[in-house]
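Descriptive analysis of the structure
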Amino acid sequence: QVQLVESGGGLVQAGGSLRLSCAASGRTFNGYSKAWFRQAPGKEREFVAAISPAGSSTAYAQRVEGRFSISRDNAKDTVYLQMDSLKPEDTAIYYCAADRAYSRIYSPQYWGRGTQVTVAS
């Protein structure tokens with residue numbers, strides 16, 4: 001059963017913006033840390049951003065810091081990734097993820113199926 005469902009991916013021109021969403025389905029992930037990862041074709045999965053259960057702590061990969069912003073709405077049990085100033089190298093499948101412990105969010109237990117983000121030159 002899919003328990004994390006991403007949406008909001010698509011095609012955007014370089015310099016543009018997208019907002020990704022990841023909603024819990026069938027169970028709650030409130031109380032869990034949440035994160036975004038991405039994987040480009042032929043490349044390894046990489047960490048993008050993470051957020052603690054109450055949203056008080058965030059972390060970003062250096063590649064996206066200052067351009068991307070992670071947030072969450074626990075009333076909707078949803079985590080977001082606002083992506084601004086997109087670059088072609090941001091093209092990847094973006095996955096949301098969750099883990100009970102913030103300390104383990106870089107290797108999380110729960111994953112969504114991903115949503116494609118393509119940034120055109």
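Scroll up to find the structure.
Residues numbered from 1 in each chain as written. Predicted model: local features only at pLDDT ≥ 70, side-chain atom pairs only at ≥ 80, totals over all residues. Heavy atoms only, no water.

**Remarks on the overall build of the protein**
For the protein, the count of helices and strands is zero helices and eleven strands. In sequence order, the secondary structure elements of the protein are arranged as β-β-β-β-β-β-β-β-β-β-β. Computed over its C-alpha atoms, the radius of gyration of the protein comes to 13 Å, within 12% of the 14 Å expected for a compact globule of 121 residues. Overall, the C-alpha framework of the protein stretches about 40 × 30 × 25 Å when taken along its three principal axes. Out of the 121 residues belonging to the protein, those deemed buried represent 43%. Residue pairs at least 24 apart in sequence account for 57% of intrachain contacts in the protein once pairs closer than 6 positions are excluded. Accessible surface, the protein as shown: approximately 6,200 Å² in total, 45% of it carbon and sulfur. Computed over 14 positive and 10 negative side-chain charges, the inter-centroid distance for the protein is 4 Å. (Helix = DSSP H or I, 4+ residues; strand = E, 2+ residues; numbered from the N terminus. Rg over C-alpha atoms; globule rule 2.2 N^0.38 Å. Buried < 20%, exposed > 50% of the residue type's maximum accessible area, 1.4 Å probe, protein only. Contact = heavy atoms within 4.5 Å. Areas by Shrake-Rupley, 256 points an atom, 1.4 Å probe, with all protein chains shown as cover. Lys, Arg positive; Asp, Glu negative; His and termini not counted. Charge placed at Lys NZ, Arg CZ, Asp CG, Glu CD.)

**Topic: the pattern of salt bridges**
The tally for this structure, following the rule as stated, stands at six salt bridges. In this structure, Glu-46 engages Arg-38 in a salt bridge whose closest nitrogen and oxygen atoms are separated by 2.6 Å. For Glu-46, a relative accessible area of 28% translates into the label partly exposed. Of the charged contacts in the structure, one is a salt bridge between Asp-90 and Arg-67, with a shortest N-O distance of 2.7 Å. Of this pair, Asp-90 sits in the loop between β8 (78–83) and β9 (92–99) while Arg-67 sits in the loop between β6 (58–60) and β7 (68–73), and the two are 23 residues apart along the sequence. Taking the relative accessible area as the measure of exposure, Asp-90 reaches 1% and is therefore buried. A residue is classified by how much of its surface remains accessible, and Arg-67, at 11% relative accessible area, is buried. (Salt bridge = Lys/Arg side-chain N within 4 Å of Asp/Glu carboxyl O.)

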